[in-house]
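Here are the chains, one letter per residue:
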Amino acid sequence: MASPDDLKFQEFEEATDLLSSNPGASTLSLSSPSAAASSAEVKVDLSDDEENQQEGSELLGGEKQTGGFWTFEYYQSFFNIDTVQVLDRIKGSVMPLPGRNFVKHHIRSNPDLYGPFWICVTLVFSVAISGNLYTFLTEMGNTDYHYRPEFHRVSIAAVAVFLYAWLVPLGVWGFLTWRQSVERQISGYTFLETVCVYGYSLFIYIPTSILWTIPLYWLQWLLIVIAMVISGSVLVLTFWPTVRDDTKLTAFVTMAVIVSLHALLAVGCKLYFFQTASHSGQQITPASNHTALTVGKPL
């Protein structure tokens, strides 16, 4: 049976002998501050590992540093959005609620250009194609009409929609920024947020333009009114808080101009793209081009 002396750690006795023979030898104690200082001197170069870990965390977190405005990465950040966010913003643009600011509740966390760009592109093709289809349906029973697809309508629709979606927000943002410098209590939006609001507010015109193919005059104007009320409400609820602290005249004139320009786009598309061939000035070719009129002698 082992005695208690056999259970002792022999290295402690050897360390005692070494200290007795060499009292000036340095020792390491886990509890002493000098040991902490001595242990701090022993370092392992992990710079490469730390850099790799940092790069890995950036890739996992999806955080990328954007460069200048002349680089592709700068504009890539404007399209960093998922489908759920786009659908939520489209839903908010077609169902405006009083007291619910579109920028603060849907856009401010991550303003994007992905949704506005594709909404504008879709609106261009829906207006041009639906306009051609409407002309075909209204003139389908006319024997003197020969259908010809008008591809130039796509270019006209693209110029009208994209100029409106960029120039009008630029003007509104510039005016609000100027008023913000004059009236300190006015709070405005960034240019990207303004463009985002206008882009998503145009979504309601896409299904409206498709329904304009129904050849009912009263229904077309009813759809225009409904679309203007819905999209105009988004703009009013968004920009009214930025101008209500201004003078009453300036506030009401600003909102009237914003709503009028938005309504002008819808009315202009309706009057230009959705009209019959006879009203649009398109030449109607007769069914028989060889009919000759003969003048006979009177009996």
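This section reports on the structure supplied with the text.

Reading guide: rules and limits
Residues numbered from 1 in each chain as written. Predicted model: local features only at pLDDT ≥ 70, side-chain atom pairs only at ≥ 80, totals over all residues. Heavy atoms only, no water. Helix = DSSP H or I, 4+ residues; strand = E, 2+ residues; numbered from the N terminus. Buried < 20%, exposed > 50% of the residue type's maximum accessible area, 1.4 Å probe, protein only. Contact = heavy atoms within 4.5 Å. Areas by Shrake-Rupley, 256 points an atom, 1.4 Å probe, with all protein chains shown as cover. Salt bridge = Lys/Arg side-chain N within 4 Å of Asp/Glu carboxyl O. Core = buried A, V, L, I, M, F, W, Y, C linked by side-chain atoms within 4.5 Å. Axes fitted to C-alpha atoms, helices over the stretch in contact; angles between N-to-C directions. Parallel < 35°, antiparallel > 145°, perpendicular 65-115°, else oblique. Left-handed = near helix turned anticlockwise from the far one by under 90°. Nonpolar A, V, L, I, M, F, W, Y, C, P; charged D, E, K, R; others polar. 1 Å grid on protein atoms, 1.4 Å probe; cavity = no way out; pocket = protein on both sides within 12 Å on 5 of 7 lines; lining within 4 Å. Points joined across faces, edges and corners; volume = space filled by probe spheres on them. Phe/Tyr/Trp six-rings, centres within 6.5 Å; stacked < 30°, edge-to-face > 60°. Lys NZ or Arg CZ within 6 Å of the ring centre and 35° of its normal.

### Quick word on the overall build of the chain
Right, so step 1: From N to C terminus, the chain includes 13 helices and zero strands.
Right, so step 2: For the chain, the N- to C-terminal ordering of α and β elements is α-α-α-α-α-α-α-α-α-α-α-α-α.
Right, so step 3: Buried residues in the chain amount to 32% of all 299 residues.
Right, so step 4: Long-range pairs, those at least 24 residues apart, make up 76% of the contacts in the chain between residues at least 6 apart in sequence.
Right, so step 5: With the model as given, the accessible surface of the chain reaches about 19,700 Å², and the carbon-plus-sulfur share is 65%.

### Some points on the pattern of salt bridges
Right, so step 1: The full count for this structure, using the stated rule, is three salt bridges.
Right, so step 2: Ionic pairing is found between R153 and E150, a salt bridge with its closest N-O pair at 2.9 Å.
Right, so step 3: Among the residues examined, R153 registers a relative accessible area of 3% and is labelled buried.
Right, so step 4: We classify E150 as buried; its relative accessible area is 15%.

### Here's the deal with the nonpolar core
Among soluble globular proteins, nonpolar side chains are generally buried collectively.
Right, so step 1: Ranked by size, the top nonpolar core spans 46 residues in total, and within it Y198, Y200, L202 and F239 carry the most contacts.
Right, so step 2: Of all the secondary-structure elements, those providing two or more residues to this core are α5 (83-94), α6 (102-107), α7 (114-138), α8 (152-182), α9 (191-201), α10 (205-211), α11 (217-243) and α12 (248-273).
Right, so step 3: Looking at which element gives the most residues to this core, the answer is α11, with nine residues.
Right, so step 4: If we ignore the near neighbours within four places in the chain, the residues touching L202 are I119, C120, L123, V161, Y164, A165, H262 and L265.

### Section: the packing of α8 against α9
Packed helix pairs are specified by the crossing angle of their axes together with the interaxial distance, meaning the distance between the axes.
Right, so step 1: One way to put it is that α8 packs onto α9 with a least axis distance of 9 Å and a crossing angle of 135 degrees. Classified by the angle between their axes, α8 and α9 sit oblique to one another. The way α8 lies across α9 gives a crossing that is right-handed. On the side of α8, the interface is formed by Y164, A165, W166, V168, P169, L170, V172 and W173, while α9 contributes F191, T194, V195 and Y198.
Right, so step 2: Taken together, the residues of the contact of α8 with α9 break down into eleven nonpolar, one polar and no charged.

### Here we look at empty space enclosed by the protein
Right, so step 1: Enumeration over the complete set of coordinates arrives at one cavity of 30 Å³ or more.
Right, so step 2: Considering only enclosed or pocket space, the largest cavity measures out at about 60 Å³ in volume.
Right, so step 3: What lines the largest cavity is L123, V127, Y205, S209, W212, L265, A266 and C269.
Right, so step 4: The leading source of residues in the lining of the largest cavity is α12, at three residues.
Right, so step 5: Classifying every residue of the lining of the largest cavity gives seven nonpolar, one polar and no charged.

### A few points about the layout of surface pockets
Right, so step 1: Within this model, the second largest pocket holds a volume of roughly 160 Å³.
Right, so step 2: At the level of elements, α5, α6 and α11 are the ones that each hand at least two residues to the lining of the second largest pocket.
Right, so step 3: Its residues placed into classes, the lining of the second largest pocket shows six nonpolar, three polar and three charged.

### Quick word on the environment of F191
Right, so step 1: Tracing the backbone through its elements, the reader meets F191 in helix α9.
Right, so step 2: F191 sits in the partly exposed class, given a relative accessible area of 26%.
Right, so step 3: F191 sits 22 residues away from P169 along the chain, and the two C-alpha atoms are 7.4 Å apart.

### As for the packing of aromatic side chains
Right, so step 1: Counted according to the given criterion, the structure contains 14 aromatic pairs.
Right, so step 2: Between Y272 and F273, the aromatic rings sit 4.9 Å apart at their centres with planes inclined by 85 degrees, giving edge-to-face as the arrangement.
Right, so step 3: Judged by relative accessible area, F273 falls into the buried class, the value being 3%.
Right, so step 4: Ring pairs connect the aromatic residues Y164, Y189, Y198 and F239, which therefore count as one cluster.
Right, so step 5: Above the ring of W178, the side-chain terminus of R179 is found at 5.0 Å from the ring centroid.

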